Amino acid sequence: MGLIFAKLWSYFCNQEHKVIIVGLDNAGKTTILYQFLMNEVVHTSPTIGSNVEEIVVKNTHFLMWDIGGQESLRSSWNTYYSNTELVCSFRAQTAAGVTDVSRFIILVVDSTDRERLAISKEELYRMLAHEDLRKAAVLIFANKQDMKDCMSAAEISKYLTLSSIKDHPWHIQSCCALTGEGLCQGLEWMTSRAGLR
Ligand code: GTP
Ligand code: MG
């Protein structure tokens, strides 16, 4: 009986993992979201507010929030960090007091944008220090690898001093949102992390 209950509990409560997709404007966040969803490149315009889509990978459900990255919008990223009731209403309604949900951050970096990598770094560490994201795992996409003179994932990793991050699981993946290359590997890492929670 206990086992059945535990299975049902995990079925209802661990099915959906909240993901926020952040990064500077023009990094390729919206392009990545719709590659995940439809396996194709959609025409995008700068996101004002957010797009939200559910992506299912091997029975793991991710609710992905793609947030606009323009400078004026960055201060509102933190309004997307919590809102647990949107993620697991079953849990919110039936288990008062249990509000802890799995969360992922996908940070998308335009690998050609050397000038603004310092700003991406600043935003990354600001997020990691945020109370509501203390348990979040971070996937960094080094996007636009098709472009000449782009930085490699190793270069970006070094610049962002990822190896110094000890209190969050992290992973960096090079990718090209136009072809979809690298995106599956990133999702696989997230799926394996989701299984650990
Ligand atoms: P905001 O909504 O303003 O925050 O931007 P965003 O991060 O959502 O960027 P978006 O997905 O709209 O992409 C911006 C531009 O980059 C578009 O013209 C995309 O086609 C282009 N782009 C996205 N990914 C790639 C890539 O891997 N390679 C190349 N060459 N272009 C890309
Ligand atoms: Mg966008």
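Residues numbered from 1 in each chain as written. Chains lettered and ligands numbered in written order. Predicted model: local features only at pLDDT ≥ 70, side-chain atom pairs only at ≥ 80, totals over all residues. Heavy atoms only, no water.

Let's talk about the site of ligand 1
Consideration 1: Lining the immediate environment of ligand 1, one finds 20 residues, of which Lys29, Thr31, Thr44, Thr47 and Gly69 sit closest.
Consideration 2: At a separation of 2.9 Å, an oxygen atom of ligand 1 approaches a polar side-chain atom of Thr30.
Consideration 3: Interatomic distance of 2.7 Å between a backbone N/O atom of Gly69 and an oxygen atom of ligand 1.
Consideration 4: Of the pockets mapped on this structure, ligand 1 occupies the largest pocket.
Consideration 5: It is helix α2 (residues 29–38) that contributes the most residues to the shell around ligand 1, 3 residues altogether.
Consideration 6: The residue inventory of the shell around ligand 1, partitioned by class, reads 7 nonpolar, 9 polar and 4 charged. (Near = heavy atom within 4 Å. Polar contact = N/O pair within 3.5 Å; in protein donor to acceptor, adjacent residues only side chain to side chain. 1 Å grid on protein atoms, 1.4 Å probe; cavity = no way out; pocket = protein on both sides within 12 Å on 5 of 7 lines; lining within 4 Å. Sits in = over half its atoms within 2 Å of the grid points. Helix = DSSP H or I, 4+ residues; strand = E, 2+ residues; numbered from the N terminus. Nonpolar A, V, L, I, M, F, W, Y, C, P; charged D, E, K, R; others polar.)

Here's the deal with unusual backbone geometry
Consideration 1: Although it is not a glycine, Lys58 sits at a positive phi angle of roughly 45°.
Consideration 2: Tracing the sequence through the fold places Lys58 in the loop between β2 (50–57) and β3 (60–67).
Consideration 3: Residue class for Lys58 comes out exposed when judged on its relative accessible area of 65%. (Buried < 20%, exposed > 50% of the residue type's maximum accessible area, 1.4 Å probe, protein only.)

Quick notes on the coordination of the magnesium ion (ligand 2)
Consideration 1: At the metal site, the magnesium ion (ligand 2) is ligated by Thr30 (OG1) and Thr47 (OG1), and these contacts range over 2.0 Å. With Thr30 in helix α2 and Thr47 in the loop between α2 and β2, this residue pair connects regions lying 17 residues apart in the sequence. (Donors = N, O, S within 2.8 Å, 3.2 Å for Na, K, Ca; no water.)

Description of the packing of aromatic side chains
Consideration 1: This structure, assessed with the given rule, holds 3 aromatic pairs.
Consideration 2: Look at Phe36 and Phe141: their rings are 6.3 Å apart centre to centre, the planes differ by 50°, and that puts the pair in the tilted class. Separated by 105 residues along the polypeptide, Phe36 in helix α2 and Phe141 in strand β5 (residues 137–143) bring together distant segments of the chain. As far as burial versus exposure is concerned, Phe36 and Phe141 are alike and both buried.
Consideration 3: When the ring of Trp65 is compared with that of Tyr80, the centres are 5.8 Å apart and the planes differ by 55°; the resulting orientation is tilted. Here the residue Trp65 occupies a position in strand β3, and Tyr80 occupies one in the loop between α3 (71–74) and α4 (84–87), the gap between them amounting to 15 residues.
Consideration 4: On the basis of relative accessibility, which here comes to 15%, the residue Trp65 falls in the buried class. (Phe/Tyr/Trp six-rings, centres within 6.5 Å; stacked < 30°, edge-to-face > 60°.)

So, to be careful, I would describe these as geometric facts and stop short of saying anything about function.
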